[in-house]
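Observations on chain architecture
The residues making up each chain are set out below.
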Amino acid sequence: MIIDSHVHIFPRVDGYGPKGKTKGGTYGRVDQGDGKPAWVLPVVCEETRHTREMLLANMDRYGVDKAVLLQGYCYGNWNSYVAEAVRLHPDRFIGAAVFDPWAPGAREHYEEDIAAKPWPVLKLEFSESSGLSGVYPSARLYSEDLRWLYTDLEARGRVLVLDLGQPGTRGYQTDAVRAIANAHPGLTIVICHMGQLSPDIEADAVLYRAWEEQLALGKLENVYFDASAVPFQVQATDEYPWPTAQRYVRKALEYLGAKKLMFGSDIPWLYCLATYGQLIEFGRKCTAGLSTQDQDWFLYKTAQKVYWGEKA
């Protein structure tokens, strides 16, 4: 069994980020607000979109059983689209609402569109490069203004997913996450992209220590990591099957154990780097040589426990 713990679907790009409004272009391109194109999909994709039908077809082709539908404001607020995908395919998908707690009327929006609906997961896209810490430079994850949010998520038994960006950026608020986890022990927290270790980060003693400190959050009972987009972090030095990225994942597995990490792809952005089949095979290669039990935990059991609440 395989569960992809980090995928995105969107009918079009219509969001915002630190550089302004984002919108989809043609042939896989996205304007991130500065007029300069970024490629989210391969150029063979005439329209920049990744629909639930496209995702399901690729999941079926490569034997992926289930997927966690996450969102980011760079793609847009597609809560209704994700909810519909889950309604149509409850055996394949679980969905996360996206939320901007610093936007005008955020508390009212949360009560009406998130708290009142059966969302099992909420994601805060907090990275500096494309998320909310870039939009709101002074934003702090652990502040008096946000404690109501974590209290409510904990009371409702929902999962909080955080994309904190790279070490050394303003969104990399490890101490804040530790404070949230300790103050709300019943709140399950998932940190995306395994903390975003890269060769440049590894070569910098201060930044590497920051990554190690964030990874140590996984020692807390209620904190987990997804290992999505790790190949993206090494693309400047590695090609498939990304031996450096495999080494990073194995380092995290050795430190935390397979019960604290889960495989994720971060498609469709990673399609510019690899096929879905290559990304799935990368996940398998990361656990080569480990016990069958540890392989199962990384490839599906951790996600099954965290997101579906199923006992493994």
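Summarised in this report is the structure supplied together with it. These numbers were taken from a predicted model, which means no experiment stands behind them.

We now examine the packing of aromatic side chains. As enumerated under the stated definition, the model contains 14 aromatic pairs in all. Grouping aromatic residues by their ring pairs yields a cluster made of Phe10, Tyr75 and Trp269. Note that Arg107 overlies the ring of Trp148, its terminal NZ or CZ placed 4.2 Å from the centroid.

Another aspect to go through is the sheet that holds strand E5 (residues 37-39). Here four strands make up an open sheet; going across it, the order is E2-E3-E4-E5 and the pairing antiparallel. Here the strands that pair on one side only, and so sit at the sheet edges, are strand E2 (14-17) and E5. Taken pair by pair, the neighbouring strands of this sheet meet at an average axis angle of 35°, ignoring direction. In the sheet, strand E4 (residues 29-31) pairs with E5 via three bridges, with the strands oriented antiparallel. By the bridge assignment, Val30 is partnered in E5 with Ala38.

Our focus in this paragraph is the layout of surface pockets. Computed from the structure, the largest pocket encloses a volume of approximately 540 Å³. Every residue lining the largest pocket is counted, 25 residues in all, and those nearest its centre are Ser129, Ser130, Gln196, Phe232 and Trp269. Mapped onto the lining of the largest pocket, the elements with two or more residues apiece are strand E8 (121-125) and helix H9 (230-233). For the lining of the largest pocket, the residue count by class is six nonpolar, 14 polar and five charged. In this structure, the second largest pocket occupies an estimated 250 Å³ of space. As for the second largest pocket, its lining consists of 13 residues, of which Asn79, Ala83, Lys117, Pro118 and Trp119 are closest to the centre. Taken together, the elements giving at least two residues each to the lining of the second largest pocket come down to helix H2 (79-88) and helix H3 (106-115). In terms of residue count, H2 provides more of the lining of the second largest pocket than any other element does, five residues in total.

Turning next to helix H5 (residues 147-156). Buried residues of H5: Trp148, Leu149, Tyr150, Asp152 and Leu153, and no others. The elements touched by buried residues of H5 are H3, E8, strand E9 (159-163) and helix H6 (174-183). In the segment just after H5, Gly157 is the residue with positive phi, at about 70°.

Here the focus is the environment of Ala96. Within the secondary structure, Ala96 sits in strand E7 (residues 93-98). Classification of Ala96 by relative accessible area gives buried; the value is 0%. On a C-alpha basis, the gap between Ala96 and Val121 in space is 4.4 Å, while along the polypeptide they are 25 residues apart. If sequence neighbours within four positions are ignored, Ala96 has contacts with Leu69, Leu70, Gln71, Asn79, Val82, Trp119 and Val121.

Time to look at the pattern of salt bridges. Here the structure, examined in full by the defined rule, presents 16 salt bridges. Between Asp152 and Arg156 there is a salt bridge; the shortest N-O distance is 2.7 Å. Here Asp152 pairs with Arg156, and both are found in helix H5, just four residues apart, close to one helical turn. What makes Arg156 partly exposed here is its relative accessible area of 40%.

The topology assignment puts His193 in the loop between strand E10 (188-191) and helix H7 (199-202). One polar contact links His193 to Asp163, side chain to side chain, over a distance of 3.1 Å. His193 has contacts with His6, Asp163, Asp226, Ser228, Ala229 and Asp266, leaving out every residue within four places of it along the chain.

Moving on, we get to empty space enclosed by the protein. Inspection of the entire model under this criterion finds four cavities of 30 Å³ or more. In this structure, the largest cavity spans a volume of roughly 50 Å³. If you go around the largest cavity, the residues you meet are Gly17, Pro18, Lys19, Thr22, Gln32, Cys74, Ser129 and Ser130. Split into classes, the residues belonging to the lining of the largest cavity amount to two nonpolar, five polar and one charged.

Cut-offs applied
- Residues numbered from 1 in each chain as written.
- Predicted model: local features only at pLDDT ≥ 70, side-chain atom pairs only at ≥ 80, totals over all residues.
- Heavy atoms only, no water.
- Phe/Tyr/Trp six-rings, centres within 6.5 Å; stacked < 30°, edge-to-face > 60°.
- Lys NZ or Arg CZ within 6 Å of the ring centre and 35° of its normal.
- Pairing = 2+ DSSP bridges.
- Helix = DSSP H or I, 4+ residues; strand = E, 2+ residues; numbered from the N terminus.
- Axes fitted to C-alpha atoms, helices over the stretch in contact; angles between N-to-C directions.
- 1 Å grid on protein atoms, 1.4 Å probe; cavity = no way out; pocket = protein on both sides within 12 Å on 5 of 7 lines; lining within 4 Å.
- Points joined across faces, edges and corners; volume = space filled by probe spheres on them.
- Nonpolar A, V, L, I, M, F, W, Y, C, P; charged D, E, K, R; others polar.
- Buried < 20%, exposed > 50% of the residue type's maximum accessible area, 1.4 Å probe, protein only.
- Contact = heavy atoms within 4.5 Å.
- Salt bridge = Lys/Arg side-chain N within 4 Å of Asp/Glu carboxyl O.
- Polar contact = N/O pair within 3.5 Å; in protein donor to acceptor, adjacent residues only side chain to side chain.

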